[in-house]
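Survey of secondary and tertiary structure
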Amino acid sequence: MSEPYVIKMPQLSDTMTEGVVVSWEKNIGDKIERGDIVATVETDKAIMDVEVFREGYLSGPVSEVDSTIPVGGAMAYIVASAEEVQKEGAAPVAVSEETPVEPAQEESASTAAPAPAPVSAEPEGAVNTIKMPQLSDTMTEGIVVEWTKSLGDKIERGDVVAQVETDKAIMDVEVFREGYLSGPMTEIDSVVPVGFAMAYLVEKEDQVVKEGAVVQSGGAPSSSSTEEVASSGSATSHQIQPAGSSTPAARPNNKYATPLARKIAGQSGVDLNAVQGNGPAGVIVASDVMGSSASAAAGATMLEAPVPGNGRAMNAMEKAISRSMSSSLSMPTFNVTVNAVPTALIKASKKKGVSVTVSIAKACGLAMLKHPTMNWCYQPTDKLVERSNVDIGMAVSADGGGLVVPVLRGCESNSLEAMNDEWKELLGRARSRRLKPDEYANPTFMVSNMGMLGVSYFDAIPTPGTAAILAIAAAGTEGMPMTITADHRVVNGAEVALYLNTLKGLIEQPETWMGPTGPAVPEGDWDYDAIIIGGGPGGEDCARDLAAHGMKVAMVNDSPYPGGECLWRGCIPSKAWRAAADKIRDRAHDEHLGVEGTTKAKLNWNKLEKTRKHVLETRGDMALKTDKGVKIKVIQGFARFESDHTLFVDQSGNNDNPHQRAPNGDRSKGEKLSFGCAVIATGAPPFVPPIPGAHDGLTDGAVLTSDTVWGLESVPKRIGVIGGGAIGMEMAQIFQDFGSKVLLLEGQERILAEVEPEIAKHLTAVLNDDPNLTIQTSASVKSIKGKAGAVKLIYTSDDGKDHTFSCDHVIMATGKRPVLEPLQLDKAGIESENGMIKADIRSRTNVPHIFAVGDVIGGLMLAHTAGQQGRVAAATILGEDMTYDQDKDSGVIFTRPEAAFVGLSMDQAKSKGIDAAEVKMPMSIDAKAMITNETHGMIKMVVDKKSHRVVGVHYLADHADTLIGEGVMIVSGDMTLEQVAHAIHPHPTQTEMFGEMARRLLSRLRRSKKK
Ligand SMILES: Cc1cc2nc3c(=O)[nH]c(=O)nc-3n(C[C@H](O)[C@H](O)[C@H](O)COP(=O)(O)OP(=O)(O)OC[C@H]3O[C@@H](n4cnc5c(N)ncnc54)[C@H](O)[C@@H]3O)c2cc1C
C-alpha cells in the first residue's frame, strides 16, 4: 500500500489563509485523472476550483461541505487502488499537519516550571491589604511614586494613602477601610503588579509593623483565580521584565489565560489583554498567544542587537507606548497627504479665543460626519466597529518627557467653545500626567501636531482601536501638510483623500462652521460702514438692524419711498384687492346663517383703489420717517458698483411717483460713495418669457405684469392669466371674485410648485369650482395678439387641441428674475449663478464684505424671506452668529381657501433622509369651519418618526394666514408631537386641530411600534 496523497486546501490567492468547502465535484471512490476538479472552495475573494494532479481514487475522510479548512489542511485523500478507498466519516474540520496543543500539555508545561510558592507577609491584626489597584483598562502594574500617609497613621475611609504611576498617568490610591497603616510597605519607585500588596491596614496601633520596607511576594493578589499566582519571586518589588523574560505575563482583565499562555506571553512580551481567547469559555491558550498578531509584533521574533551597556527598564509610560506601537506594526497602513492653508483658521481661532489645536479637532470631527468610516476601527478577528461619536486623542508632551494622549470627546457635536474649555482642563493635567482613565481611554481618531515644533513633514503611527492618525506639519510655501496614516482594513485611499479634502475646505474656510469671527466691516475710511442697495423688505430690515447697533448706514433706493415691490406692487396692494374680494365672497356665503340681503355685493373700483393707494402711501411715508428717525441715511437713486468698496448713485432717473418702478437714469447726475460693507437687496422684477406677442403687448397694456396691473382703470370683463404660481393664482381668483371671466394657463402639470402636492391638487379643484375661473394645467401658450380690450390668447391644451381665449388683458405671471447687469457686479468681483447673486446661509457673497439678500438671490421670493435674510446679513456684519434656514421658512398663498406651508413636505423630509410620518385632518370635521361653511381643505403635519419633531405643517384652509402662526412656532421651535399634544388649545378654535393631530399620530406611532 503506497502512502495516500493528501488533497490539501490550496492557497488560491496571496491573501488566502483558509477556505470554505462549497461542493465536492467527485464522489468517494471515483477514479481521478490528472487535472480533474474535485471540489470548489470559497476563498476570501471568490469561489474557485480545486484541481488535482495525481491519478488515483478519491478517498475519505473528506471534509464536510461548509467546513472551513486552513490553507495546507487536508480536505481528502487520493489512494492508488479502489480497494484502499476509505469511505467512512468526514474529516474533522481542522485537519492539520501540526499536532494541536492539548490543554493537558499546557498544564504540564506549567507544572514543569512552577512559580515560587507565595510567602505571606501579612502582619498580625491585618484588616485590609492595600493592593495595587487597576486604574486603567490596560494597566498591569504601577510604580509607587509617593506615600501620602506614614506607617502608623490612622486611616479613615476614603483617604488617599499613596500615588502610583500607571501606564497613562499618576493617580491616587484610596482605601475604603479604617485602620492603621502598617508595613511591610513597598518602596517608592518600586514596580508592583496590579493586585499585589503595597501595604496593610491593621486594627490596632500597636500592631503596626514599621520595619521591613518591602512586601514579600506573598502579598499576592487574591486567590480567587484558579491559576497560581506568578511573581518574580524576589523579595523586593516586581521588576520590569524585558521581552524574553521567563516571568509569566500579568493576567488579562476580565478573562482567563492558561499558565502556559501567560508564560509564553511573558517570554514574548505580549499583552494578554490584546489577545483573543479561543480555549474553552474563551480562555486564552498558548496557541492564541503564539498566533496573536501582538506576539508577532511585540518581540517574540525581535532580535536583541548586541549593544554596549545593560539598558534600563522602561517606565510604565514608555512600556505602554512601546507595546501599543509594536501592536500597530500588524496594521496594514498607507499614507495620504493633502496641503491646506491654515491662515484663516489661525485668525478665526485667535478672534474666537480658542486654541488652533481645538479648532483642528473640531474640523476633524465635522469632516468625520461626512466620511464616517474614518472613525471606525478594526477589531480582531475580522470585525469593524462603527462609531458615531468622534473622540479625538491629541498627543501632548508630558513634563519630564513622554507622550500623553488626552481625548477630546464629542468633536462632531460639542460646541467649539465647550471643547476649548475642556481642552484647557485636560491639557494642564495631561502635562503633569494626572489624567483620569476616562480622559485618555478609547479615542476614535488621533491627531499629532508637530507643526508647532517646526517639523516640515512627518507621518504618525495609528494605534489599535483607531483607523487613522492625522499628522500636522508646519505650513510652508505650499501650505500645511496634513498626512493621514490609515488602516487599509477599515478605509481605502479614496476615502482618506476625500476626508482630507473636506478637512482642507473646513480649515481654509472656517467661517462656514465657526460663524463670523467679528464685525465684517474692514478697517478703512469709508463714507459709510455699510451701504444697503434697495429699500424693500430685505434692504430695509437690514439697514434698521445695522443702524440700531450704531453703524453708519446709508440705504440707496431708486424710489422716493422705501417698501420695495412688497409695498408698492406686491404683497400689500394685492392683499388690499384680496380684502375687497373676500368681502364680496363672504357676503355671498352668509345666507346659510340666516343673514340675507347681502349676496349681491357690488364693487366700487375707484373707492377700492383710493383705499389701496392711501394704505400704500401712508405706510410708505411711515417707513421713510422711521428709517430717517433711526438714523439711516436714505438716498434716492440707482446704485452701481465701481469697485469692491465704491459705488455710484445715479440720481438722474429720480421722480416722485412711488407706485411705478423707477425709470433708468442716464448717469448725468449722482454721487460716488465708499463703503466698508455693502448689502445688495435689489429684488427681482417680473420676467416675461419670449412668447410671440408678449413683449409687444407690454407697451400698449394688452399684456400686464405685477408691475403694471395696478394701472387698471376698471375691472376687466375677461382676463387671461399665464402662470400658476402664487402671483398668478392670487390674481386669477381676485378678478374672478370681482366678476371677471378668468382663464389661467399653467405649462406644468400642477400649480404652485412650492406648495405641498396634495394641497396644490385640492386647491386646483376648489378654484375650478369657482363659476368664472378655469385653470388649465399642461397648457402651452402659442401667442398673444391684439390690443388692450381685444386680446386673443392662443394656446394648446393638454389634449393637443388649439384654443383661443378672447379677453381684455393678459397678465403675465411667469415668475420674477433679478436684473443684474446694471449693477456692474463684475467691478466688485461679485459672482452670480443662473442669473442670481450667489449668497450663503449667512447672506455672504463670494466677496467677504459684500452681502446679498431677498429676491436677488433666488430661492423663496417672499417678503418675510427677504426680511429674514436682511437681518441675517446685519447680524453677520455685526459679527453675530445667525443663519437663514430654508427648511423652516413659510409662505401663504392668498386664495380662498388659502394654501400655506411651513417647513418640509413628506417628499422633502424623505429626500433629507428623515424617516417621516404624516397626519392630516380635513377642515370639514372642524366645528368652526362647519358653522362658517368654510369646510374646504385640510391641515397636515409632517413628523420625524425618530425624534417626534414636527418638521412641516401644510394648510389648505380659510384663515390659514392666521393658523400658520402656530405651525411656524412649532417648526421653528423644533417642537415634538408630545409638546404639541400637551399644549392646551382654547375651545372652540381651529388651533385645537394641532393638538388633535399630534395625539392621533402619537397613538399611531405607538401602535405601529408594538407590532
Ligand atoms: C403681486 C405680488 C404679490 C406678492 N405677495 C406677496 C405676499 O403676499 N407675501 C410675500 O411674502 N411676498 C409677496 N410677494 C413677493 C414680495 O413682494 C417680494 O418677495 C419682496 O418684495 C422681495 O423683497 P426684496 O427686498 O428682495 O426686493 P424688493 O421688494 O423688490 O425691493 C428692492 C428695491 O430695490 C430697488 N432697486 C433695485 N435696484 C436698485 C439699485 N441698483 N439701486 C437702488 N435701488 C434699487 C427696487 O426698485 C426696489 O424698491 C408678492 C409679489 C408680487 C409681485
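Just so it is clear, the model here is predicted, and its values are computed rather than measured. (Residues numbered from 1 in each chain as written. Predicted model: local features only at pLDDT ≥ 70, side-chain atom pairs only at ≥ 80, totals over all residues. Heavy atoms only, no water.)

1. Topic: the nonpolar core
Counting residues in hydrophobic clusters, the biggest one holds 75 residues, and the most contacted among them are Phe445, Leu470, Ile484 and Leu503. Counting residues per element, this core draws most heavily on helix H7 (residues 356-370), which supplies 7 residues. Apart from residues no more than four positions distant in its own chain, Ile484 is found in contact with Phe334, Asn335, Val336, Met374, Phe445, Ala468, Ile469, Leu470, Val496, Tyr499 and Leu500. (Core = buried A, V, L, I, M, F, W, Y, C linked by side-chain atoms within 4.5 Å. Buried < 20%, exposed > 50% of the residue type's maximum accessible area, 1.4 Å probe, protein only. Helix = DSSP H or I, 4+ residues; strand = E, 2+ residues; numbered from the N terminus. Contact = heavy atoms within 4.5 Å.)

2. Focus on a nonpolar patch on the surface
The grouping of Leu593, Val595 and Ile931 at the surface amounts to a nonpolar patch, some 260 Å² of accessible area in total. Examined against the element boundaries, Val595 turns out to sit in the loop between helix H14 (571-588) and helix H15 (605-629). (Patch = residues over 30% accessible without salt bridge, like charges linked within 9 Å, V, L, I, M, F, W, Y side chains within 5 Å. Areas by Shrake-Rupley, 256 points an atom, 1.4 Å probe, with all protein chains shown as cover. Salt bridge = Lys/Arg side-chain N within 4 Å of Asp/Glu carboxyl O.)

3. Some thoughts on the site of the ligand
The ligand sits among 34 residues. The nearest are Asp558, Lys575, Ala639, Asp855 and Ala863. One nitrogen or oxygen atom from the main chain of Asp855 is found 2.9 Å from an oxygen atom belonging to the ligand. Looking at the shell around the ligand, the elements that each hand over two or more residues are helix H12 (537-548), strand S30 (553-557), helix H13 (564-568), H14, strand S32 (638-641) and helix H19 (863-878). Among the residues forming the shell around the ligand, the class breakdown is 15 nonpolar, 14 polar and 5 charged. (Near = heavy atom within 4 Å. Polar contact = N/O pair within 3.5 Å; in protein donor to acceptor, adjacent residues only side chain to side chain. Nonpolar A, V, L, I, M, F, W, Y, C, P; charged D, E, K, R; others polar.)

4. Some thoughts on H7
A rise of 1.5 Å per residue sets the reference length of H7, with its 15 residues, at 21 Å; its end C-alpha atoms lie 22 Å apart and thus fit the reference within 8%. The buried fraction of H7 amounts to 11 of the 15 residues, a majority that puts the element mostly inside the structure. Among the residues of H7, Thr357, Val358, Ser359, Ile360, Ala361, Lys362, Ala363, Cys364, Gly365, Ala367 and Met368 are the ones counted as buried. In this structure Ser355 caps H7, since a side-chain oxygen of it lies 3.1 Å from the backbone nitrogen of Thr357. (Expected span 1.5 Å × (residues − 1).)

5. Quick notes on the packing of aromatic side chains
Within this structure, the stated rule accounts for 10 aromatic pairs. For the pair Phe641 and Phe675, a centre-to-centre distance of 6.1 Å together with 75° between the ring planes defines the contact as edge-to-face. Linking Phe641 in strand S32 with Phe675 in strand S34 (residues 670-680), this pair joins segments that are 34 residues apart in sequence. Accessibility classification places Phe641 together with Phe675 in one group, the buried group. Judged by centre distance (6.2 Å) and plane angle (65°), the rings of Tyr955 and Phe994 are edge-to-face. With a gap of 39 residues between them, Tyr955 in strand S50 (residues 950-957) and Phe994 in helix H24 (residues 992-1010) connect regions that are remote in the sequence. (Phe/Tyr/Trp six-rings, centres within 6.5 Å; stacked < 30°, edge-to-face > 60°.)

6. Re unusual backbone geometry
Across the junction of Gly60 and Pro61, the peptide omega takes the value -5°, indicating a cis bond. Position of Pro61 relative to the elements: it lies in the loop between strand S6 (56-59) and strand S7 (62-63). Here Gly183 and Pro184 are connected by a cis peptide whose omega angle stands at -5°. Here Pro184 is to be found in the loop between strand S16 (179-182) and strand S17 (191-193). The backbone of Asn442 sits at a positive phi, close to 55°, despite the residue not being glycine. Summarising the element assignment, Asn442 is placed in the loop between helix H9 (437-440) and strand S26 (445-449). What makes Asn442 exposed here is its relative accessible area of 56%. Phi at Gln824 takes a positive value of approximately 55°, unusual for a residue other than glycine. Note on placement: Gln824 falls in the loop between strand S42 (809-812) and strand S43 (832-833).

7. Focus: H12
With 12 residues, H12 should reach 16 Å at 1.5 Å per residue; the first-to-last C-alpha distance of 16 Å fits that figure. Elements in contact with the buried residues of H12: strand S29 (528-533), S30, H15, strand S31 (632-636), S34 and H19. Once H12 ends, the next one or two residues include Gly550, with phi positive near 85°.

8. Description of the sheet that holds strand S3 (residues 31-32)
One open sheet accounts for 4 strands, arranged S1-S9-S6-S3; its pairing is antiparallel. Edge positions in the sheet fall to strand S1 (5-8) and S3, since each has one partner strand and no second. Note: S3 against S6, 2 bridges, orientation antiparallel. Residue pairing in the sheet places Ile32 in a bridge with Gly56 of S6. (Pairing = 2+ DSSP bridges.)

9. Here we look at the pattern of salt bridges
If you walk through the whole model with that rule in mind, you get 42 salt bridges. With a shortest N-O distance of 2.9 Å, Asp586 and Arg896 are connected by a salt bridge. Highlighted residues: Asp586 in helix H14 and Arg896 in the loop between strand S46 (890-893) and strand S47 (898-903), separated in sequence by 310 residues. Across the pair Asp650 and Arg640 runs a salt bridge, and its minimum N-O distance is 3.2 Å. Highlighted residues: Asp650 in strand S33 (residues 646-650) and Arg640 in strand S32, separated in sequence by 10 residues. Here Asp650 and Arg640 have matching classes, each one buried. Counted as one network, the salt bridges with shared partners bring together Arg578, Asp582, Arg585, Asp586, Asp737, Asp770, Arg896, Glu934 and Asp958.

10. Comments concerning the sheet that holds strand S15 (residues 170-174)
Strand order in the open sheet formed by 4 strands is S15-S14-S12-S17, with antiparallel pairing between adjacent strands. In the strand order of this sheet, the two ends are held by S15 and S17, each with one partner. On average, each strand axis in the sheet is tilted by 45° relative to the strand beside it, whichever way the strands run. The sheet contact formed by strand S14 (residues 160-165) and S15 spans 5 bridges and is antiparallel. Among the inter-strand pairings, Ala162 is bridged to a residue of S15, identified as Val173. (Axes fitted to C-alpha atoms, helices over the stretch in contact; angles between N-to-C directions.)

11. As for the pairing of strand S36 (residues 718-722)
Counting buried positions along S36 yields 4 of 5 residues, so the element is predominantly enclosed. Examined bridge by bridge, S36 and strand S37 (residues 741-745) share 5 bridges and lie parallel to one another. Each residue of the ladder has a partner; that of Ile722, found in S37, is Leu745. The β-α-β motif built from S36, the intervening helix H17 (residues 726-738) and the parallel element S37 has right-handed crossover chirality. (Right-handed = clockwise from strand over helix to strand, strands pointing away.)

12. So, the side chain of Gln990
For Gln990, the location among the structural elements is in the loop between helix H23 (977-982) and H24. Judged by its relative accessible area of 10%, Gln990 falls in the buried class. Of note is the side chain of Gln990, whose polar atom sits 3.0 Å from the side chain of Asp926. Those residues within four positions of Gln990 in sequence are excluded, and the remaining contacts are Met923, Asp926, Lys928, Ala929, Asp958, His959 and Leu963.

13. Brief notes about the packing of H7 against helix H8 (residues 416-431)
Relative orientation of the contacting elements H7 and H8 amounts to 130°, with a least axis distance of 10 Å. Between H7 and H8, the crossing angle belongs to the class labelled oblique. By crossing handedness, the relation of H7 to H8 is classed as right-handed. Where H7 approaches H8, its residues Thr357, Val358, Ser359, Ala361 and Lys362 are matched on the opposing element by Leu416, Met419, Asn420 and Trp423. (Parallel < 35°, antiparallel > 145°, perpendicular 65-115°, else oblique. Left-handed = near helix turned anticlockwise from the far one by under 90°.)

By themselves these figures say nothing about function.
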